[in-house]
Amino acid sequence: MSTPLDDLSLGEARAARDVLIELYVPLDYPWHRTDDVFHKFLAEFLLRRTTRVVVARVLPALIQKYPTAESLARAGDDELLTLLRPVGLPTRILALSEAARLIVRDGMPSSRDGFLTLPQVGEYVADAMLLYGYDMAVLPVDRNAWRVLYRMLLGRDEVAVPPRSEERAFRHLLTTLVADLSPRQTRAFHGSILRVAWETCRRRPICDACPVSDSCRYGAKMVPHSGPSVPPGSPAGEQL
Ligand code: SF4
């Protein structure tokens with residue numbers, strides 16, 4: 001069965017990826033300033049459903065009061081809900097408390113499957129932990145990443161539920177795109193995807209102000225004289 005990926009070469013996809021890596025500017029949120037895997041888990045867990053501005057505000061107090069899984073596992077529900085009130089989503093906060101108890105019992109997971117056993121931890125948080133907590137070249141893909149990469153690579157808006165064959169092919173492409181990257185390059189790739197999603201590639205894209213419009217198929221339709229071109233020497237004929 002044909003998919004929208006059929007006319008995309010690996011060379012073009014890698015060229016777009018490299019533009020994003022080149023664009024990277026290190027971010028400086030509280031979760032970037034710690035090497036503690038548990039603290040990174042707290043951040044990734046909260047960031048999944050809460051804005052980075054709110055998480056940046058509550059995370060330092062959370063870490064100060066509950067610096068370890070043991071201390072968080074002992075926290076009373078009421079005091080935790082009070083501390084994390086700006087986050088909202090009380091059931092999610094209680095799930096974080098339960099996750100801490102499981103981490104105390106079983107140890108901090110270090111694999112995708114291990115993270116997926118924790119309550120309200122999905123593939124994105126699991127992959128983010130592998131990338132940011134364990135220095136593995138894994139690309140976390142959420143709706144922001146799908147939106148940016150669908151537009152850049154395929155020239156179209158993401159579809160809410162793509163056909164299984166298309167989703168499989170796109171996930172395979174993303175795995176291929178990080179296969180030859182170091183963890184550091186993968187973090188740069190991911191960081192720039194997030195930045196582009198926040199700043200310009202929103203639900204209504206602002207293509208004429210976007211720093212990657214020259215490397216984006218969607219942008220080429222929206223901004224005259226922009227659009228991807230495969231640099232000389234790229235294996236443009238290599239198909240996915
Ligand atoms: S050029 Fe437009 S569609 Fe492409 S990444 Fe930028 S904002 Fe998104």
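Note that the structure is predicted; figures quoted are calculated from it, not measured. Throughout, residues of each chain are indexed from 1 in the direction in which the sequence is written. Per-residue local features of the predicted model are confined to residues with pLDDT of at least 70, and side-chain atom pairs are confined, for both listing and counting, to 80 or more; whole-chain, interface and lining totals are unaffected and use all residues. To get the side-chain values, take all heavy atoms of the structure and skip hydrogens and water.

**Student:** Please clarify how the site of the ligand should be interpreted in this entry.
**Tutor:** The environment of the ligand is made up of 13 residues, and the closest members are Cys201, Cys207, Cys210, Cys216 and Tyr218. By the criteria applied, helices consist of DSSP H or I runs no shorter than four residues and strands consist of E runs no shorter than two, each listed in order from the N terminus. When residues of the shell around the ligand are traced back to their parent elements, those giving at least two are helix 9 (143-154) and helix 12 (217-222). Under this grouping Gly is polar, as are all residues other than the nonpolar Ala, Val, Leu, Ile, Met, Phe, Trp, Tyr, Cys and Pro and the charged Asp, Glu, Lys and Arg. Partitioned by chemical class, the residues of the shell around the ligand number nine nonpolar, three polar and one charged. Near residues are defined by distance, with any heavy atom within 4 Å of the molecule or strand qualifying the residue.

**Student:** Can you walk me through the environment of Ala197 in this structure?
**Tutor:** Among the secondary structure elements, Ala197 is positioned in helix 11 (residues 183-199). On a C-alpha basis, the gap between Ala197 and Asn144 in space is 5.8 Å, while along the polypeptide they are 53 residues apart.

**Student:** Where do I start with the environment of Val138 in this structure?
**Tutor:** Tracing the sequence through the fold places Val138 in the loop between helix 8 (123-133) and helix 9. Spatially, the C-alpha atom of Val138 lies 16 Å from that of Pro109, the residues being 29 residues apart in sequence. Contacts: residue pairs with any heavy atoms within 4.5 Å of one another. Residues within four places of Val138 in sequence aside, it is in contact with Asp127, Leu130, Leu131 and Thr186.

**Student:** Even after reading the chapter, I still don't get the packing of aromatic side chains, so can you show me in this structure?
**Tutor:** To describe a pair of aromatic rings, you give the distance between the ring centres and the angle between the ring planes. Working definition: a ring pair exists when centres of Phe, Tyr or Trp rings (six-membered ring for Trp) sit within 6.5 Å. Plane angles under 30 degrees give stacked, over 60 give edge-to-face, the rest tilted. In total, this model carries seven aromatic pairs according to the counting rule given. Ring geometry for Trp146 against Tyr150: centres 5.3 Å apart, planes inclined by 40°, an arrangement best described as tilted. Taken together, the residues Trp146 and Tyr150, both in helix 9 and four residues apart, mark about one turn of the helix. The pair formed by Trp146 and Tyr150 is uniform in burial state, with each residue classed as buried. For the ring pair Tyr150 and Phe170, a centre distance of 4.6 Å and an interplane angle of 65° mean the geometry is edge-to-face. With a gap of 20 residues between them, Tyr150 in helix 9 and Phe170 in helix 10 (residues 164-179) connect regions that are remote in the sequence. Relative accessibility under 20% of the residue-type maximum defines a buried residue, over 50% an exposed one, and the middle range a partly exposed one, all with a 1.4 Å probe and only protein chains included. For Phe170, a relative accessible area of 0% puts it in the buried group. Both a distance and an angle decide whether a charge sits over a ring: NZ of Lys or CZ of Arg must be within 6 Å of the ring centre and within 35 degrees of the ring normal. Positioned over the ring face of Phe45 is Arg92, at 4.0 Å from the centre of the ring. The cationic tip of Arg151 hangs over the ring face of Tyr218; the distance from NZ or CZ to the ring centre is 5.2 Å.

**Student:** Help me out: how do you make sense of the domain arrangement of the protein in this one?
**Tutor:** Accessible area lost upon the coming together of the parts is a frequently used measure of interface size. Note: domain ranges come from an automatic or database domain assignment. Split into domains, the protein comes out as domain 1 (4-25 + 139-222) and domain 2 (30-133). Between domain 1 and domain 2, the residue contacts involve twelve residues of the former and eight residues of the latter. Buried area: the accessible area, evaluated with a 1.4 Å probe, that two parts lose upon being put together, summed over both parts. When domain 1 packs against domain 2, the two sides together hide about 830 Å² of surface, and 63% of this comes from carbon and sulfur. Ranking the residues of domain 1 by area buried against domain 2 places Pro140, Arg187 and Trp198 at the top, with a combined share of 53%. Any carboxyl oxygen of Asp or Glu within 4 Å of a side-chain nitrogen of Lys or Arg constitutes a salt bridge here. Taken together, the links from domain 1 to domain 2 amount to zero salt bridges. Among the elements that take part in the side of domain 1 that touches domain 2, helix 11 stands out by supplying seven residues, more than any other. A class-by-class count of the residues in the side of domain 1 that touches domain 2 yields six nonpolar, three polar and three charged.

**Student:** Looking at this structure, how should I read the packing of helix 2 (residues 37-47) against helix 8?
**Tutor:** Think of two packed helices as two axes; the pair is described by the angle between the axes and how far apart they sit. Where helix 2 meets helix 8, the axes come as close as 10 Å, and the angle between the chain directions of the two elements is 145°. When the axes of helix 2 and helix 8 are compared, the crossing they make is right-handed. When helix 2 is examined against helix 8, the residues Val37, Lys40, Phe41, Glu44 and Phe45 are found in contact with a partner set consisting of Tyr124, Val125, Ala128, Met129, Tyr132 and Gly133. Within the contact of helix 2 with helix 8, the residues separate by chemical class into eight nonpolar, one polar and two charged. Note on method: axes are straight lines fitted to C-alpha atoms, helices fitted across the in-contact stretch only, with angles between N-to-C directions ranging 0 to 180 degrees. Crossings are assigned a handedness: left-handed for a near helix turned anticlockwise from the far helix by less than a right angle, right-handed for a clockwise turn.

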